[in-house]
Structures are given as structure tokens and as C-alpha cells.
Amino acid sequence: MSNQRTATLTIDGQTTEFPIMGGTVGPEVVDIRSMYGKTGMFTYDTGYLSTASCKSSITYIDGDKGELWYRGYPIEQLAEHCDFLDVCYLLKNSELPTAAEKTEYVSQIKRHTLVHEQLARFYAGFRRDAHPMAIMAGVVGALSAFYHDGMDISDQAHRDISINRLIAKMPTITAMAYKYSIGQPFMYPRNDLSYAGNFMYMMFGTPCEEYKPNPVLEKALDRILTLHADHEQNASTSTVRLAGSSGANPYAVIAAGIACLWGPAHGGANEACLQMLEEIGDVSRVPEYIKRAKDKNDSFKLMGFGHRVYKNFDPRAKLMRQTCYEVLTELGLENDRLFKLAMELERIALEDEYFIEKKLYPNVNFYSGIVQKALGIPTSMFTCIFALARTIGWITQWNEMITDSEYKIGRPRQLYIGPNRRDVKPVEQR
């Protein structure tokens with residue numbers, strides 16, 4: 001007799017059993033892979049609200065408790081004691097680096113920060129007013145045309161070099177997209193700077209004068225990257241896994257992730273939040289907009305509050321709130337109009353029974369837009385920063401899938417609701 005727990009499904013009096021699988025923590029799952037063969041039926045779950053699409057050891061979220069772990073480490077501890085490259089190493093290798101491993105890893109990444117000069121010419125093919133995410137999707141996808149030596153996805157060494165190239169080149173590609181949009185010359189990477197410091201240099205430096213990153217702002221940007229490095233099986237990560245399941249090269253799958261992230265319901269949320277603050281305009285208008293947000297018949301939506309996963313306070317939001325104060329204090333912007341407006345919205349959301357009952361707490365996007373604006377990053381670049389940060393999560397999830405013994409091409413099923421079989425009439429009879 002087996003001690004395996006099972007779930008029983010009864011259809012028209014016929015009973016079928018399916019095994020129950022448990023992970024380290026979190027909800028158990030019912031293994032329904034054999035369901036169609038046993039019952040002739042599929043399950044129906046739009047948006048994957050109750051479906052685990054894979055097994056993963058990378059990131060864990062408990063939305064009710066407001067917890068986020070990378071490889072078992074709480075995000076709060078990582079943001080406090082590690083930098084972004086520590087987190088990159090952790091996500092890829094399952095453990096935090098020793099001092100020697102960190103030195104070697106940083107050296108590996110810095111060896112790949114430059115992009116091919118011909119790739120740099122790709123930017124000239126885009127209009128100056130093109131959205132930076134459109135440019136990034138195109139340029140990242142084009143990387144596969146330049147690096148044929150790392151394209152065998154069945155070879156771990158090839159995957160490793162592709163991963164390092166993506167982590168190293170994304171800041172360069174992102175900064176170049178910004179420089180192109182404003183008509184300034186590209187700034188080549190400086191490997192004597194930190195990962196975040198180098199990105200700030202390529203974004204804001206010019207050949208006209210020396211640029212030194214502000215340490216407080218540099219730390220803030222590094223924290224933004226850390227908080228957005230991975231977030232379990234979200235829309236863009238699932239897109240990367242599905243695209244990668246066909247055997248597509250890593251540059252193509254990351255380009256697919258960028259395209260998905262571009263959507264306002266995903267990576268564009270912090271941009272939408274800042275636009276909302278601009279629409280409200282002044283603290284005096286907050287009660288009016290709070291009233292509108294509660295009205296089901298009003299099209300206005302309060303952006304930056306609540307989260308599909310977190311039914312408690314978003315743990316990243318607490319850290320971003322702290323970062324927000326640090327940055328605005330450093331820049332003397334404590335009385336900034338948008339910041340005061342945001343703090344009033346936050347106060348109401350944490351005290352108003354409507355928001356408390358519906359658990360509409362401020363999420364990470366509520367604060368990150370304000371921080372990025374204070375750093376000098378234009379609104380159009382917010383999602384690009386998100387893509388830069390999330391690349392390590394995407395590529396780690398892809399690597400995990402490729403090495404999974406149960407890996408196979410993704411093929412979701414459907415509930416067909418179209419016309420029944422019918423015959424084509426000759427054109428003169430239609």
C-alpha cells in the first residue's frame with residue numbers, strides 16, 4: 001500500500017484519483033497531468049489563478065503573510081546586507097557568494113559590459129521618439145546574431161556565458177536606449193564603477209565633464225534592482241519559460257520577456273502610478289479622487305495600491321518607502337509636490353476602512369516611480385529599469401526549466417466555444 005495522498009475527482013459517477021504533491025512550503029498541488037488520459041477532460045483556469053505551471057526552487061512568495069524569498073533568503077535581509085550582483089549570483093547558483101567568489105563573479109560580469117559596435121548602430125534604425133522598450137526588445141533579440149559561440153542551450157558552459165553576457169550588457173543596452181532618445185552620445189561602460197554606479201554613469205554622464213555617481217542615489221538604484229530581480233511565476237517570467245520551452249535561444253526569450261513586461265498591467269504599473277499622481281495634481285484634490293476610486297461606476301483607478309499576489313503589505317514596498325525617504329532627503333526634496341501627495345494617499349489608504357477591508361495597501365510601484373523620478377530617470381524609462389533588474393530572474397528561471405528532467409514544450413489547452421463543424425459553400429452560393 002502506498003502512503004501517497006490523493007485527491008478524488010468524480011465525474012458522472014466515475015471516480016479517478018490524482019496524487020497530491022507538496023513542496024518545501026506553500027500550498028500543495030494536485031498532479032493532474034494524467035487527467036485527460038484518464039477522463040477525456042481538461043481543467044479550465046484562465047489567468048492560472050489556481051494552476052502551478054512548473055516546479056521551481058528560485059523564488060517563494062506568501063501573499064497572505066507578505067513574504068518574498070530568493071532561494072530561501074527574505075528580501076528584507078538581501079536588500080539590507082547584499083548588493084545586486086550578490087543577488088544575481090544567488091539566483092543563478094543557489095547560494096550567496098563567498099568573498100573570493102564575489103570578486104571572481106564581478107570580474108566575469110565586467111568583462112562583458114561592452115556591446116558590439118555594429119549592435120550600437122542598430123539604434124539609428126529607430127525613430128528618436130520610439131519608446132525605449134521597443135528599442136530594447138529589438139536590440140536584445142538581435143544579440144543572438146552576434147554571439148554564436150554560446151547558442152547551444154544543451155551545454156551548461158554555453159548557458160553560463162549567455163547569462164553573464166545578458167547581465168553585463170543590459171545596463172549598457174538600457175542606457176544607450178535613453179541616450180539615443182535624447183540625442184546624446186553613447187557613454188561606454190566604466191568597469192571601475194559598481195554595477196549601479198556604472199549604469200548611472202552611462203545614463204547621466206557626458207563627454208563634456210566628469211561624472212561621479214552620488215553614493216546615496218547609487219545605493220537606491222541598486223536596491224531597486226534587487227527588489228525587482230525576480231518575482232516567481234508572473235506574466236513575463238511565464239512568457240520567458242513558454243518561449244524558452246520551444247528551444248529558442250536565450251536572447252530571444254529575454255526579448256519576449258521584455259515585450260510582456262511592457263504592458264501597463266505588469267511592468268508599466270509604476271509609470272501609471274506616477275501619471276495618476278500627476279493627474280491628481282495637489283493634496284487638496286485627494287478626497288475627490290479617493291471618492292472616485294470607491295465608485296464602481298467611475299473609470300478612475302487608484303494605481304499603486306493592492307497586488308494580485310500580496311494580500312498583506314508588499315514586503316518590497318516597505319523597503320522602497322525607506323529608500324524613497326533617503327533619496328528625497330539627500331536631494332532636499334522632502335517637500336516635493338508629488339511626494340507630499342503620495343504620502344497623503346498612503347496615510348488615507350492605511351486608515352480608511354474601505355482600503356483596509358479590501359487590503360489595498362501601497363505596493364512597490366507606488367514608491368519606485370517617485371524614487372526613479374527623483375534619480376532623474378524619465379517616466380518612459382521606468383519599465384526599462386524594471387527589465388534590466390528582472391533579466392537575472394528571467395534567465396535563471398529559463399536555465400532551471402532547461403535543466404528540468406520533466407522539461408517539455410509548453411502547450412496550454414483550451415475550451416473551444418467557436419462554431420461547430422460546417423461546410424464551405426462555393427462563392428456564388430454565399
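As the structure is a prediction and not an experimental result, all values here were calculated from the model.

A.B. asks: Honestly, the packing of aromatic side chains in this entry has me stumped. Any pointers?
C.D. replies: To describe a pair of aromatic rings, you give the distance between the ring centres and the angle between the ring planes. Going through the model one piece at a time under the given rule, you end up with 15 aromatic pairs. Both rings, one in Tyr 60 and one in Trp 69, keep their centres 4.9 Å apart while their planes meet at 50 degrees; by these two values the pair is tilted. Where Tyr 178 meets Phe 204, the ring centres are 6.5 Å apart and the plane angle is 70 degrees; that geometry is what we call edge-to-face. Here the residue Tyr 178 occupies a position in helix 7 (residues 156-182), and Phe 204 occupies one in helix 8 (residues 195-204), the gap between them amounting to 26 residues. A relative accessible area of 24% means that Phe 204 is categorised as partly exposed. Within the aromatic cluster, the residues linked to one another by ring pairs are Phe 305, Tyr 354, Phe 355, Phe 366 and Tyr 367. The lysine or arginine in question, Arg 413, covers the ring of Tyr 36, its NZ or CZ lying 5.7 Å from the ring centre.

A.B. asks: How should I be thinking about the nonpolar core in this particular structure?
C.D. replies: By size, the foremost hydrophobic cluster in this structure holds 116 residues, and its most contacted members are Tyr 70, Met 136, Ile 258, Leu 277, Leu 302 and Leu 345. Sequence-distant contacts of Met 136, that is, excluding residues within four places in its chain, are made with Met 170, Ile 173, Thr 174, Ala 177, Ile 258, Cys 384 and Ala 387.

A.B. asks: Explanation requested: the sheet that holds strand 2 (residues 14-21) in the structure shown.
C.D. replies: Read from one edge to the other, the open sheet built from three strands follows the order 1-2-3, with strand pairing classed as antiparallel. This sheet does not close on itself; its edge strands, each paired only once, are strand 1 (6-11) and strand 3 (29-30). Relative to strand 2, strand 1 runs antiparallel, the two sharing six bridges. Paired with Ile 11 across the two strands is Gln 14, which belongs to strand 2.

A.B. asks: Would you take a moment to explain the sheet that holds strand 6 (residues 73-74) for this structure?
C.D. replies: By way of backbone hydrogen bonds, the strands of a sheet pair with one another, either parallel or antiparallel. Strand order in the open sheet formed by three strands is 4-5-6, and the pairing between neighbours is antiparallel. Only two strands of the sheet have a single partner each, and these edge strands are strand 4 (59-62) and strand 6. Judged from the four bridges that link them, strand 4 and strand 5 (residues 67-70) form a sheet pairing that is antiparallel. Looking at strand 5, one finds that Ile 61 is bridged to Leu 68.

A.B. asks: Would you take a moment to explain the pairing of strand 4 for this structure?
C.D. replies: In the case of a regular strand, side chains alternate between the two sheet surfaces. Alternating positions in strand 4 separate into two faces, Thr 59 and Ile 61 on one and Tyr 60 and Asp 62 on the other, with burial throughout. Taking the residues between adjacent antiparallel strands as the criterion, strand 4 and strand 5 are bridged by four residues, where Gly 66 takes a positive phi near 70 degrees.

A.B. asks: Teacher, can you tell me more about the packing of helix 7 against helix 18 (residues 382-402) here?
C.D. replies: To describe two helices that pack against each other, one gives the angle between their axes and the distance between the axes. In the contact formed by helix 7 and helix 18, the axes pass within 9 Å of each other and the chain directions differ by 175 degrees. Looking at the two axes, helix 7 sits roughly antiparallel to helix 18. Residues Gln 156, Arg 159, Ile 163, Leu 166, Ile 167, Met 170, Pro 171 and Thr 174 of helix 7 form the contact with helix 18, whose participating residues are Cys 384, Ala 387, Leu 388, Thr 391, Ile 392, Ile 395, Trp 398, Asn 399 and Ile 402. Considering only residue class, the contact of helix 7 with helix 18 consists of twelve nonpolar, four polar and one charged.

A.B. asks: What exactly am I supposed to notice about the packing of helix 11 (residues 250-261) against helix 18 here?
C.D. replies: Across the interface, helix 11 lies against helix 18 with an axial gap of 10 Å and an inter-helix angle of 135 degrees. Taken together, helix 11 and helix 18 sit at an angle that is classed as oblique. Crossing handedness for the pair helix 11 and helix 18: right-handed. Along its contact with helix 11, which presents Pro 250, Val 253, Ile 254, Gly 257, Ile 258 and Leu 261, the element helix 18 presents Thr 383, Phe 386, Ala 387, Thr 391, Trp 394, Ile 395 and Trp 398.

A.B. asks: Looking at this model, I keep getting lost on the state of the cysteines. Mind explaining?
C.D. replies: Each disulfide consists of one covalent bond between the sulfur atoms belonging to two cysteines. Under the definition given, this model contains zero disulfides. The cysteine Cys 54 is free of any disulfide, with Cys 260 supplying the nearest cysteine sulfur at 15 Å. Exposure remark for Cys 54: the relative accessible area of 25% places this residue in the partly exposed category. A disulfide-free cysteine, Cys 324 has its sulfur positioned 10 Å from the sulfur of Cys 273, the nearest such atom.

A.B. asks: Before we go on, may I ask you to explain a nonpolar patch on the surface in this structure?
C.D. replies: Together, Tyr 44, Leu 415 and Ile 417 give the surface a local cluster of nonpolar side chains, amounting to about 430 Å² of exposed area. As for its position among the elements, Ile 417 is in the segment after helix 18. Take Ile 417: its relative accessible area is 76%, and that puts it in the exposed class.

A.B. asks: Can you walk me through the side chain of His 112 in this structure?
C.D. replies: Mapped onto the elements of the fold, His 112 is located in the loop between helix 4 (99-110) and helix 5 (117-120). When neighbours within four sequence positions are excluded, His 112 is seen to be in contact with Ile 161, Asn 164, Arg 165, Ala 168 and Lys 169.

A.B. asks: Hey, could you run me through the pattern of salt bridges in this one?
C.D. replies: A side chain with one charge may pair with a side chain of the opposite charge, provided their charged atoms come close. Summed over all chains, the structure comprises 20 salt bridges. With a closest N to O distance of 3.6 Å, Glu 406 and Lys 55 form a salt bridge. Taken together, the residues span a long stretch of sequence, with Glu 406 in the segment after helix 18 and Lys 55 in the loop between helix 1 (35-39) and strand 4 at a distance of 351 residues.

About the cut-offs
Residues numbered from 1 in each chain as written. Predicted model: local features only at pLDDT ≥ 70, side-chain atom pairs only at ≥ 80, totals over all residues. Heavy atoms only, no water. Phe/Tyr/Trp six-rings, centres within 6.5 Å; stacked < 30°, edge-to-face > 60°. Helix = DSSP H or I, 4+ residues; strand = E, 2+ residues; numbered from the N terminus. Buried < 20%, exposed > 50% of the residue type's maximum accessible area, 1.4 Å probe, protein only. Lys NZ or Arg CZ within 6 Å of the ring centre and 35° of its normal. Core = buried A, V, L, I, M, F, W, Y, C linked by side-chain atoms within 4.5 Å. Contact = heavy atoms within 4.5 Å. Pairing = 2+ DSSP bridges. Axes fitted to C-alpha atoms, helices over the stretch in contact; angles between N-to-C directions. Parallel < 35°, antiparallel > 145°, perpendicular 65-115°, else oblique. Nonpolar A, V, L, I, M, F, W, Y, C, P; charged D, E, K, R; others polar. Left-handed = near helix turned anticlockwise from the far one by under 90°. Disulfide = S-S within 2.5 Å. Patch = residues over 30% accessible without salt bridge, like charges linked within 9 Å, V, L, I, M, F, W, Y side chains within 5 Å. Areas by Shrake-Rupley, 256 points an atom, 1.4 Å probe, with all protein chains shown as cover. Salt bridge = Lys/Arg side-chain N within 4 Å of Asp/Glu carboxyl O.

Geometric values such as these leave the question of function open.
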